Each structure stands twice: as structure tokens, then as C-alpha cells.
Amino acid sequence: DVKVTQSSRYLVKRTGEKVFLECVQDMDHENMFWYRQDPGLGLRLIYFSYDVKMKEKGDIPEGYSVSREKKERFSLILESASTNQTSMYLCASTRGLNEQFFGPGTRLTVL
Amino acid sequence: RKEVEQDPGPFNVPEGATVAFNCTYSNSASQSFFWYRQDCRKEPKLLMSVYSSGNEDGRFTAQLNRASQYISLLIRDSKLSDSATYLCVVNPNAGNNRKLIWGLGTSLAVNP
């Protein structure tokens, strides 16, 4: 059974903290994605990676960075968390033109 | 015009009803199309890919109209468990699935 896991389901951080969100997939997929989902705005792509150490900006990369040191792991980093980064963060992976598989999401609250 | 537009609903239907959702897209060169389902506070999951000839999976039928640039999802004999948000997704790129365009979703509530 395919699986994408995320390090936390719920996370509460303070403004200015550095935040790491981890995502791991066990399907040997080359493509991995980070989205955020907000009411009324839908899913918005932050960054994606199509290979180890490769990354491309999505539609809203400002305030975020990513790291992909191993094929199965894709990390999202908030260098200095702000309240407007309170959101649901979803990681996904895919191979080629096949469906995107999502992790369960991390609900991040920045106080 | 938004790249992918959906009626947000909510659609409230009784069990057993037939309900249809439409989704319009702006990029006429878009290559592939999908419907995802998202339950409340859960992640999206693929419901169906949409093929040019249309496709059916049990009670669900998806159709593509390239000339008018819309895709549709028909649900027959609605079940309570069909209550969810249905996301229309468009891939504008040939050859990869890297940057999909996601609609905001249509909310469906099936009532007893």
C-alpha cells in the first residue's frame, strides 16, 4: 500500500521560530510537492522537487525553503515563521503522469 | 478569469439523487484532467482521471468537453458517504505531472 507520511499532524509555533516539516514517501517516486491549503484559496503549490537535490519554486515560495537530500524525503522549512503562515500543509508525491499521493497534512498554527 | 473554476456549492441532495458538477478551465492546451475527492480535514485522493472519450467507474462518470473547455462529474444514486469536497484538477503540461492547477472544490452534502 502506497504511503506518504508527514512528521506532525498538528504543530504550534511562535512567530520568528524556524519550523521544519518533514515528508517521507515509500513509493520510490521522483517528484515530491509541498502545498498549503487555506479556506477560499484552495491548494497552492509552494515548492516541488523532481529529483534528489533538485527543486523548483511553485506559486507561493516566499518565506519558505526546501531540502531534498534523499529521494524518499522532502523537507519544508519556514526560516522565520509568521502568523500568515498558519495553514494546512500537504505533501504529495508522484511518478510521471500518475496520480499525486498525499500525506495526511500538518496543521500549523503560528502564534 | 481563473485558470480552473468550480461552483463551490454546497450541493445538498437526498440519498439516491443524481448530481452533476462542472468545472471550466482557461488553458485550451491543457493536457490531462482529474477529479479528486477530499473529506473534511483529510487529504485529497484521486477519484478519477478524465479521458477524452469520457469514463465511468461504478456510479461515477467523468466527461471532457475540449471545445467548451469544461469537465464534468456525474454521481448517480448518491450515498451518504459521497459527502465530501470534489476538486477539479487540470494538468497544463505534456509529459509530466509536476504543476497541476487545482480548483477550489465543490462541496457535496448527501442527506438521509
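Reference entry: report on the structure contained in this document. (Residues numbered from 1 in each chain as written. Chains lettered and ligands numbered in written order. Predicted model: local features only at pLDDT ≥ 70, side-chain atom pairs only at ≥ 80, totals over all residues. Heavy atoms only, no water.)

Our focus in this paragraph is unusual backbone geometry. Residue and element names in this part refer to chain B. The amide bond that connects Gly-9 to the next residue, Pro-10, takes the cis arrangement and shows omega of 5°. Of note, Pro-10 is situated in the loop between strand E1 (4-6) and strand E2 (11-14). Of note, Asp-77 is a non-glycine position whose phi angle comes to about 50°, a positive value. With respect to the helices and strands, the residue Asp-77 is situated in the loop between strand E8 (70-75) and strand E9 (84-91). Overall, the relative accessible area of 36% leaves Asp-77 in the partly exposed class. (Helix = DSSP H or I, 4+ residues; strand = E, 2+ residues; numbered from the N terminus. Buried < 20%, exposed > 50% of the residue type's maximum accessible area, 1.4 Å probe, protein only.)

Turning our attention to the state of the cysteines. Per the stated rule, a full pass over the model turns up two disulfides over all chains. Shown here is the disulfide that connects Cys-23 of chain A with Cys-91 of chain A, its sulfur atoms set 1.8 Å apart. Here the disulfide of Cys-23 of chain A and Cys-91 of chain A is left-handed, its torsion about the S-S bond being about -75°. Note that Cys-23 of chain A is positioned in strand E3 (residues 19-25) and Cys-91 of chain A in strand E9 (residues 87-94), a separation of 68 residues in sequence. Covalent S-S linkage joins Cys-23 of chain B and Cys-88 of chain B, the inter-sulfur distance amounting to 1.9 Å. Classification of the bridge connecting Cys-23 of chain B and Cys-88 of chain B rests on its S-S torsion, roughly -70°, and on that basis the disulfide is left-handed. Within this pair, whereas Cys-23 of chain B is found in strand E3 (residues 19-25), its partner Cys-88 of chain B is found in strand E9, the two being separated by 65 residues in sequence. You'll find Cys-23 of chain B and Cys-88 of chain B in the same group, each marked buried. (Disulfide = S-S within 2.5 Å.)

This part takes up the sheet that holds E1 of chain B. All names here are of chain B. Spatial ordering of the open sheet is given by E1-E3-E8-E7-E6, a layout of five strands whose pairing is antiparallel. Each edge of the sheet is formed by a strand with only one pairing partner; in this case those strands are E1 and strand E6 (55-57). Going from strand to strand, the sheet's axes swing by 15° on average, the running direction of each strand aside. Where strand E7 (residues 60-65) and E8 come together, six bridges link them in antiparallel fashion. Note that in E8 the partner of Gln-63 across the bridge is Ser-72. (Pairing = 2+ DSSP bridges. Axes fitted to C-alpha atoms, helices over the stretch in contact; angles between N-to-C directions.)

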